[in-house]
Amino acid sequence: MIVGIDLGTTNSLIAYYSDEGAKIIPNRLGKHLTPSIVGIDGDTVLVGETAKEYGMLYPDRVADVFKRSMGTERKYRLGEKELMAEELSAFVLKFLKEDAEKYLGESITEAVISVPAYFDEKRRKATKRAGELAGLTVERIISEPTAAAIAYGLYEKNKNTKFLVFDLGGGTFDVSILELFQNILEVRAVAGDNYLGGEDFTHVLERKFLEKNEIEEEKLTQKELAAIHFEAEKCKRKFTDADAVDIKCTIGSEEKQLHISLKEYEILCASLLEKIRKPVQRSLADAHIRLSEIDEIVLVGGGTRLPVIRSFIVKLFKKFPSANINPDEAVALGAAIQAAMKERREEVKEVILTDVCSFTLGTEVSIPRGNGQFESGHFFPIIERNTVIPASRTERLYTLHDNQEMIHVNVLQGESRFAENNLLLGALDIRVPKNKAGEEAVDVTYTYDINSLLEVEVKVVSNGEKKKVYIKGNENEMSMEQMKQRMEELSYLKIQPKDQEENRLLLLKGDRLYEESTGDERKLLEIWMNEFEAALATREHGVIADARRVFAKRLQEITDRMD
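Definitions and cut-offs
Residues numbered from 1 in each chain as written. Predicted model: local features only at pLDDT ≥ 70, side-chain atom pairs only at ≥ 80, totals over all residues. Heavy atoms only, no water. Helix = DSSP H or I, 4+ residues; strand = E, 2+ residues; numbered from the N terminus. Buried < 20%, exposed > 50% of the residue type's maximum accessible area, 1.4 Å probe, protein only. Contact = heavy atoms within 4.5 Å. Areas by Shrake-Rupley, 256 points an atom, 1.4 Å probe, with all protein chains shown as cover. Phe/Tyr/Trp six-rings, centres within 6.5 Å; stacked < 30°, edge-to-face > 60°. Axes fitted to C-alpha atoms, helices over the stretch in contact; angles between N-to-C directions. Parallel < 35°, antiparallel > 145°, perpendicular 65-115°, else oblique. Left-handed = near helix turned anticlockwise from the far one by under 90°. Nonpolar A, V, L, I, M, F, W, Y, C, P; charged D, E, K, R; others polar. Pairing = 2+ DSSP bridges. Core = buried A, V, L, I, M, F, W, Y, C linked by side-chain atoms within 4.5 Å.

Caption draft 1: Structural context of the overall build of the chain. In terms of regular secondary structure, the chain is built from 14 helices and 27 strands. Each of the 563 residues in the chain was classed as buried or not, and the buried ones make up 55%. Contacts in the chain between residues at least 24 apart in sequence constitute 65% of all its contacts with a sequence separation of at least 6. With the model as given, the accessible surface of the chain reaches about 26,100 Å², and the carbon-plus-sulfur share is 47%.

As structure tokens, then:
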């Protein structure tokens, strides 16, 4: 039997397909939700509720919210041991596997595991490795919104229907646009934030508690911090049935408290709610669908239970969302149905699932800067984000120097227009005949399938020589801090000190709009930004001032079209 697993940031679940449909498998404590928490007590590994309680006593020996670090080099210290996120996830998966085996009375070796739609290649690969460490053959990695759509029975609808899946988990946020036509469930667009989730709405209460009681966080012990987090999480959940809550916690020998109303809490959450709005707008723009064309809103993740979130959703979409299934369980149930489809169970109606590229795939190129000079390090998109897959795209690239003998193709994934800020998936070198600059060319073809397998083929146009590479993932990744630092350094190098702030602001705005755009609009932004940077390179005040006025007007036109 193949099981379905929702490996969540806050809680994880495992499900199977029975004669009565998809069912959640209760854990050894008889509960559906297993907290994604791992603790180390000597040589004993603790998982779930036990680890959560253990963490209240020994917070330095437990780890949680580690899903946010999947695919990175970050290590969590639990007592004397250091573990990576995929190793911690493996303990959770093994725990779920053991519970399923005891409940079903058979060995479990295969699973379909869900991931956020916005997980990049490295994070998906790390999730698969976590499954393998737990003794599972991972039959498929499925996007959480797609799994949720299956669970809601969307594949049983009889008409052409467009759905928006709003997935707010403990640590990640995804929004996906899906369209059903006959028996084809097609993902039209995905967007999201890997660092936004229900935990952030808990942190709002924690910060308010500290501020109200004039407590300096750095002076608190790990145990006191864990106690405040526990109480804040508990009070956040109380907002489901109450208009006001009280957070009470003993700090030192004195009991501190905070009384806060739901209205006050909504005001404190305003910045988080605004962060939710942007991925929603981006997904609709990428799918070329108006909000009014969405037939149904599907809620997924425990974070959608919060009244502040429900109220925001109704105001944003101007309609009430579907609520006919437990949002905590939707993903696991959908993964179980997908597992049954893979087993070709007769009782499961066959549905064809399509997906999209969550991130743009491209390569690195040099661009002209005038006077025969070129600037390297620019990103050249080949398969745009939210392209329905499987897909294949070809672009022709030319030699840069006289008598050039080799062309180096970096395979990149990301949205920044600078190559170094995107994820390096691999590389390929191919020899070309010596010739004048621009006289030799290669056709670079990217082919990407639903199993996250990328084929890169490079063909020399003049002699037909080909080289091909298959890419399944990458072991190198820059941190967000490194990306920001490098971007800032590059911006400072191009700008005169007296014009630094206003010119830098326009460049950053252009970078943001570039990441939010696709197709012709993205190409147009690239041209405009190159023109503006060429003006900056002249270091002539008049030229820069004129270019700045034109560039600002163009960016405003793009912004107005997006609003």
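Caption draft 2: Representation of the environment of V280 in the model. One can find V280 in helix 8 (residues 270–287). With residues up to four places along the chain from it excluded, the contact list for V280 reads F173, V175, L316 and F317.

Caption draft 3: Focus on the packing of aromatic side chains. In the structure shown here, the tally under the stated rule is seven aromatic pairs. Seen from their ring centres, F532 and F551 are 4.7 Å apart, and the 25° between their planes marks the pair as stacked. Residue F532 is located in helix 13 (residues 519–538), and its partner F551 is located in helix 14 (residues 541–562); the two are separated by 19 residues in the primary sequence. The exposure classification of F532 matches that of F551, with both residues buried.

Caption draft 4: Spotlight on the packing of helix 2 (residues 85–104) against helix 3 (residues 121–133). The contact between helix 2 and helix 3 brings their axes to 8 Å, and the two run at 50°. Taken as axis vectors, helix 2 and helix 3 run oblique relative to one another. Relative to helix 3, helix 2 is oriented so that their crossing is right-handed. Here helix 2 contributes E86, E87, S89, A90 and L93 to the contact with helix 3, which in turn contributes A126, R129, A130, G131 and L133. When the residues that make up the contact of helix 2 with helix 3 are grouped by side-chain class, the tally is five nonpolar, two polar and three charged.

Caption draft 5: Representation of the sheet that holds strand 19 (residues 361–370). Judged by pairing direction, the sheet is antiparallel, and its four strands sit side by side in the order 20-19-23-24 without closing on themselves. The sheet is open, and its two borders are formed by strand 20 (373–383) and strand 24 (423–431), each paired with just one other strand. For this sheet, the mean inter-axis angle between neighbouring strands, taken without regard to orientation, is 35°. As paired elements, strand 19 and strand 20 share eight bridges and run antiparallel to each other. When the bridges of strand 20 are listed, T363 appears paired with F380.

Caption draft 6: Molecular detail of the nonpolar core. In terms of nonpolar packing, the biggest core is built from 47 residues, with L164, F166, F201, Y265, I276 and I309 touching the most fellow members. Setting aside anything within four residues of it in sequence, one finds F201 in contact with L168, K236, Y265, C269, L272, L273, I276, L306 and I309. Core analysis: the next-biggest nonpolar cluster, separate from the first, contains 35 residues, A15, L185, A335 and V348 among them.

Caption draft 7: Structural detail: the sheet that holds strand 7 (residues 62–64). In space, the three strands of this open sheet follow the order 6-5-7, with antiparallel pairing throughout. Single-partner strands in this sheet number two, and they are strand 6 (44–47) and strand 7. When strand polarity is set aside, the average angle formed by the axes of neighbouring strands in this sheet is 15°. In terms of strand pairing, strand 5 (residues 37–41) meets strand 6 through four bridges, oriented antiparallel. What sits directly across from D41, in strand 6, is T44. Against the sheet, helix 2 makes contact with strand 5, strand 6 and strand 7, and its axis sits at roughly 75° relative to strand 6, the strand it touches most.

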